[in-house]
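# An overview of the molecular structure
Here is how the chains run, residue by residue.
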Number of protein chains: 2
Amino acid sequence: MSIRIGILGYGNLGRGVECAIRQNSDMQLAAVFTRRAPESVKILTEGVPVCRIDDAAEWKDKIDVMILCGGSATDLPEQTPKFAEMFNVIDSFDTHARIPEHFANVDAAAKKGGRVGIISVGWDPGMFSLNRLYANAILPEGKDYTFWGKGVSQGHSDAIRRVEGVKDAKQYTIPVESALDAVRNGENPELTTREKHTRECFVVLEEGADAAKVEEEIKTMPNYFSDYDTTVHFISEEELKEKHSGIPHGGFVLRSGKTGWEKENSHLIEYRLKLDSNPEFTSSVLVAYARAAFRLASEGVSGCKTVFDIAPAYLSAKSGEELRSSML
Amino acid sequence: MSIRIGILGYGNLGRGVECAIRQNSDMQLAAVFTRRAPESVKILTEGVPVCRIDDAAEWKDKIDVMILCGGSATDLPEQTPKFAEMFNVIDSFDTHARIPEHFANVDAAAKKGGRVGIISVGWDPGMFSLNRLYANAILPEGKDYTFWGKGVSQGHSDAIRRVEGVKDAKQYTIPVESALDAVRNGENPELTTREKHTRECFVVLEEGADAAKVEEEIKTMPNYFSDYDTTVHFISEEELKEKHSGIPHGGFVLRSGKTGWEKENSHLIEYRLKLDSNPEFTSSVLVAYARAAFRLASEGVSGCKTVFDIAPAYLSAKSGEELRSSML
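Residues numbered from 1 in each chain as written. Chains lettered and ligands numbered in written order. Predicted model: local features only at pLDDT ≥ 70, side-chain atom pairs only at ≥ 80, totals over all residues. Heavy atoms only, no water.

## Regarding the overall build of chain A
Here is the rule we go by: Each helix is a run of DSSP H or I of at least 4 residues and each strand a run of E of at least 2, with the numbering of both proceeding from the N terminus. Using C-alpha atoms as the atom set, the radius of gyration is obtained and then compared with a globule rule of 2.2 Å times the number of residues to the power 0.38. Three labels apply to residues, based on accessible area from a 1.4 Å probe with only protein chains included: buried if under 20% of the type maximum, exposed if over 50%, partly exposed otherwise in between. Contacts are assigned to residue pairs that have any heavy atoms within 4.5 Å of one another. Each accessible area is a Shrake-Rupley result for a 1.4 Å probe, and residues are judged covered by the shown protein chains and nothing else. Positive residues here are Lys and Arg, negative ones are Asp and Glu, while His and the chain termini are left out of the count. Charge positions are represented by NZ for Lys, CZ for Arg, CG for Asp and CD for Glu.
The helix and strand inventory of chain A stands at 11 helices and 14 strands. Scaling as 2.2 N^0.38, a compact globule of 328 residues should have a C-alpha radius of gyration of about 20 Å, and chain A matches this with 22 Å. For chain A, the C-alpha atoms occupy an extent of roughly 65 × 60 × 35 Å along the three principal directions. Counting over 328 residues, chain A shows a buried share of 58%. Within chain A, contacts between residues separated by at least 24 positions form 68% of all contacts whose residues are at least 6 apart in sequence. Roughly 13400 Å² of accessible area belongs to chain A as shown, and the carbon and sulfur atoms make up 46% of that amount. Side chains of chain A give 39 positive and 49 negative charges; the mean places of these two sets differ by 4 Å.

Spelled out as structure tokens, the structure:
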């Protein structure tokens, strides 16, 4: 019997979950839930219903895990606790500072409903967090580094689009190679914001806009750009569409640490992701953790969990025997 | 109250465990057990007893976790099941093909004694295995690659030392950079043994030995060198001692995979270790899993586990709240 998955919210992430389910033969898509008019939403999978979010409760016994694909700003803080009472749920809540509060809310709801809720699943938070934890546990004396990119930052792209005279824009966050190399060489550098990442912007101007003024405004924008070395390229709408319509991302988690009686030996642990599609990779992680949620719930577990609380074997469709003989 | 650790076997690995315990403030070394005459073994930690292995049973209630630091060929297959009946144990059993059998033996013993045994802990098997599992669960359609090095292979160094005319030798396994790059570029190459690693040997000759003959014998040695591009350098005993007395190692686990409805997007997951001291890093992993064994046992769990079965949070001295607020 395959695991019946519901998708709540059908944007880039929801579509990514739909694609990922197709790659996992022990899972099936049961239904997609949307705030839009269901008849206006065309999904990729044949024969699967699109329903109104308000009707989700009717699916309580027909869905094993609901994957919540909304945004962290307003959707998930409300949706995850709400649906954790009736479904096992997974979300990709990524507002780091608000995770403790979100955890508490989801935990209370999931325990009340006897369900499992796994929050903050994806790559950061998610796989990057796991790598920080493992590396810190193994090398207690050391230094952590996280670099992001090369990848598109939606927040920074949006910020540029709000500048007067800008028609469209795409921003790439790029890790500084020499800083990465210094970390890899065990130099334990103290890196400023500016030394870790550069920002590259591709901007389409409105007709008649003042390029110099737009560039100045972007480069001096507080929080977003003023602390970075920023490059601005003005390109045509066609070029933006043709060369910059993807959503690549990725990054590096490194920990450099010492061992030995006199701390005489250095070690480097590096985890790297290079992703053509940020939302599809995040979705793939969500789906693997949906399997874990299903299994934990089958064992009678309830409450809120994070990637830290899930034994790796729960993510795989293979049995313990298979894993030990093929992957250990 | 700190976790009381016993070390069984005091070679490079045992000494590494001793050093690692010093870096973890929630742990203390209780005793070291050796097959040698205890009075002949000098350990680094002040005031800790060195005991005979045969007396270990007397420590049953004074040690929370026994870390077994023997070899995989003959020590661990016998020791781990034996001691799992009276202690929570951790080992670094690394004979991949015999893991299922070892697991079964340790599982039976640990269950009989109501203890936890965690086997095959280290980096390969260990952290590399974990990364293979996570990456496969996230990207079900893809290809795995493991590269080792640059590092010292004890087995290959020993094989060279058995060649007539060789006084001493050190062998480095080196990953082929162009093969690594092809994987990173998503080319999904099919790589032969020769294309993945090269072997570099530093050899000290016996007086009067025939260098050309030794070199030929090394390069054509079946299983060890004949399938690789091998370089042989003849150096003096002093140079070997000065420049090649370390035990560095490391390597790369990569998975390249596809997502998307038509598999249109590529992703790369890469995990890398660069280690000055292979045994000290392995020891550091063992110690982190000792914490997990202690906690699992405190919860009443018993039986054999591997790194696949342990939720990451069990490895850290931090609480769930601390982990969520600082590392997620």
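Having seen the structure, we can now continue with the description.
## Some words on the pattern of salt bridges
The following threshold applies: Just to be clear on terms, a salt bridge is a Lys or Arg side-chain nitrogen sitting within 4 Å of an Asp or Glu carboxyl oxygen.
For the structure on display, the rule yields 42 salt bridges over all chains. Ionic pairing is found between B:R161 and B:D158, a salt bridge with its closest N-O pair at 2.5 Å. Here the residue B:R161 and the residue B:D158 both occupy positions in helix α5 (residues 154-161), the gap between them amounting to three residues, near one helical turn. Given the relative accessible area of 29%, B:R161 is considered partly exposed. Using a relative accessible area of 33% as the deciding quantity, one classes B:D158 as partly exposed. Members of the salt-bridge network, linked through shared partners, are A:E177, A:D181, A:R184 and A:E270.

## A look at the relation of the copies chain B and chain A
The two chain copies are connected by a rotation around an axis plus a translation along it. Which entries qualify depends on this criterion: We superpose the copies by least squares over the C-alpha atoms of residues that have a pLDDT of at least 70 in both of them.
Under the fitted operation, chain B is carried onto chain A by 0.0 Å of movement along the axis and a turn of 180 degrees, and the coordinates agree to an RMSD of 0.1 Å. Such values leave the two copies arranged in the relation of a two-fold axis. By C-alpha distance to the rotation axis, the residue of chain B lying nearest is B:A311, at 1.9 Å. Taken as a fraction of all interface residues of chain B, those also at the interface in chain A reach 100%, which identifies the copy contact as same-surface.

## Re the pairing of strand β2 (residues 27-34) of chain A
Residue and element names in this part refer to chain A. To keep things clear, this is the line we draw: Two strands form a pair only when DSSP identifies at least two bridges running between them.
Counting buried residues along β2, seven of its eight residues qualify, which places the element largely inside the surrounding structure. Inspection of the sheet shows strand β1 (residues 3-8) paired to β2 by six bridges, in the parallel sense. Within β2, the position partnered with I3 by the bridge is M27. In the sheet, β2 pairs with strand β3 (residues 50-52) via three bridges, with the strands oriented parallel.

## Thoughts on helix α1 (residues 12-22) of chain B
Residue and element names in this part refer to chain B. Within α1, eight of the 11 residues are buried, which leaves the element mostly enclosed by the surrounding structure. Here α1 has its buried residues at L13, G14, G16, V17, E18, C19, A20 and I21. For α1, the secondary structure elements touched by its buried residues are β1 (3-8), β2 (27-34), β4 (65-68) and α10 (278-298).

## Focus: the sheet that holds strand β10 (residues 197-205) of chain B
All names here are of chain B. Taken in spatial order, the four strands of this open sheet run β8-β9-β10-β11, and their pairing is mixed. Single-partner strands in this sheet number two, and they are β8 (151-152) and β11 (229-234). Here β8 runs beside strand β9 (residues 166-175); their pairing, made up of two bridges, is antiparallel. By the bridge assignment, G151 is partnered in β9 with T173.

## Concerning the pairing of β9(B)
Residues and elements named next belong to chain B. Burial runs high along β9: eight of the 10 residues are buried. Judged from the nine bridges that link them, β9 and β10 form a sheet pairing that is antiparallel. Bridge assignment links I174 to a residue of β10, and that residue is T198.

## Quick word on the packing of helix α2 (residues 75-84) of chain B against helix α3 (residues 99-113) of chain B
Residues and elements named next belong to chain B. Using the following cut-off: Only the stretch in contact is used when a helix axis is fitted, and all axes are lines through C-alpha atoms; the angle between N-to-C directions ranges over 0 to 180 degrees. Note that the term roughly parallel is reserved for angles under 35 degrees, roughly antiparallel for angles over 145, roughly perpendicular for angles of 65 to 115, and oblique for everything else. Left-handed describes a crossing whose near helix is turned anticlockwise from the far helix through less than a right angle; right-handed describes the clockwise counterpart. Each residue is assigned to one class: nonpolar for Ala, Val, Leu, Ile, Met, Phe, Trp, Tyr, Cys and Pro, charged for Asp, Glu, Lys and Arg, and polar for all the others, Gly among them.
Contact pair α2 / α3: the axes reach a minimum separation of 7 Å and the direction vectors enclose 20 degrees. The angle between α2 and α3 falls in the class roughly parallel. Considering how the two elements wind past one another, α2 and α3 form a crossing that is right-handed. Mapping the contact onto sequence places L76, P77, T80, P81 and A84 in α2 and H102, N105, V106, A109 and A110 in α3. Its residues assigned to classes, the contact of α2 with α3 comprises seven nonpolar, three polar and no charged.

## A short note on the packing of helix α4 (residues 127-138) of chain A against helix α4 (residues 127-138) of chain B
For the pair α4(A) and α4(B), interaxial distance at closest approach is 13 Å and the crossing angle is 170 degrees. Our classification of the angle between α4(A) and α4(B) gives roughly antiparallel. For the pair α4(A) and α4(B), contact is made by A:M127, A:L130, A:N131, A:Y134 and A:I138 and by B:M127, B:L130, B:N131, B:Y134 and B:I138, respectively. For the contact of α4(A) with α4(B), the per-class residue count stands at eight nonpolar, two polar and no charged.

## A word on the interface of chain B and chain A
Inclusion rule: Here the buried area means the combined drop in accessible surface, using a 1.4 Å probe, for two parts upon being joined, counting both sides. Think of a polar contact as two N or O atoms within 3.5 Å of one another; within protein, one of them needs to be a possible hydrogen donor and the other a possible acceptor, and neighboring residues in sequence only count if both atoms come from side chains.
Opposite the 69 residues of chain B that make contact, chain A presents 69 residues. Summed over both partners, the interface of chain B with chain A buries about 6300 Å², with 63% contributed by carbon and sulfur atoms. Contact with chain A buries surface across chain B, with B:Q23, B:W261 and B:L328 losing the most and accounting together for 15% of the total. There are 29 residue pairs in polar contact (both at pLDDT 80 or more) connecting chain B and chain A. If you list the elements that add at least two residues to the side of chain B that touches chain A, you get α1, α3, α4, β12 (249-259), β13 (265-275), α10 and α11 (320-326) of chain B. Of the residues forming the side of chain B that touches chain A, the biggest block, 11 residues, is contributed by β13(B). Looking at the side of chain B that touches chain A residue by residue, the class counts come to 34 nonpolar, 19 polar and 16 charged. Note: strand β13 (residues 265-275) of chain A against β13(B), nine bridges, orientation antiparallel. Bridging across to β13(B), A:K274 finds its partner in B:L268.

## Points about the environment of A:Q28
All names here are of chain A. Turning to its location among the elements, Q28 is positioned in strand β2. For the pair Q28 and W59, spaced 31 residues apart in sequence, the C-alpha separation works out to 15 Å. The residues touching Q28, leaving out its near neighbours within four places in the chain, are S2, I3, R4, I5 and I21. Here S2 takes part through its side chain, which lies 2.7 Å from a polar atom of the side chain of Q28.

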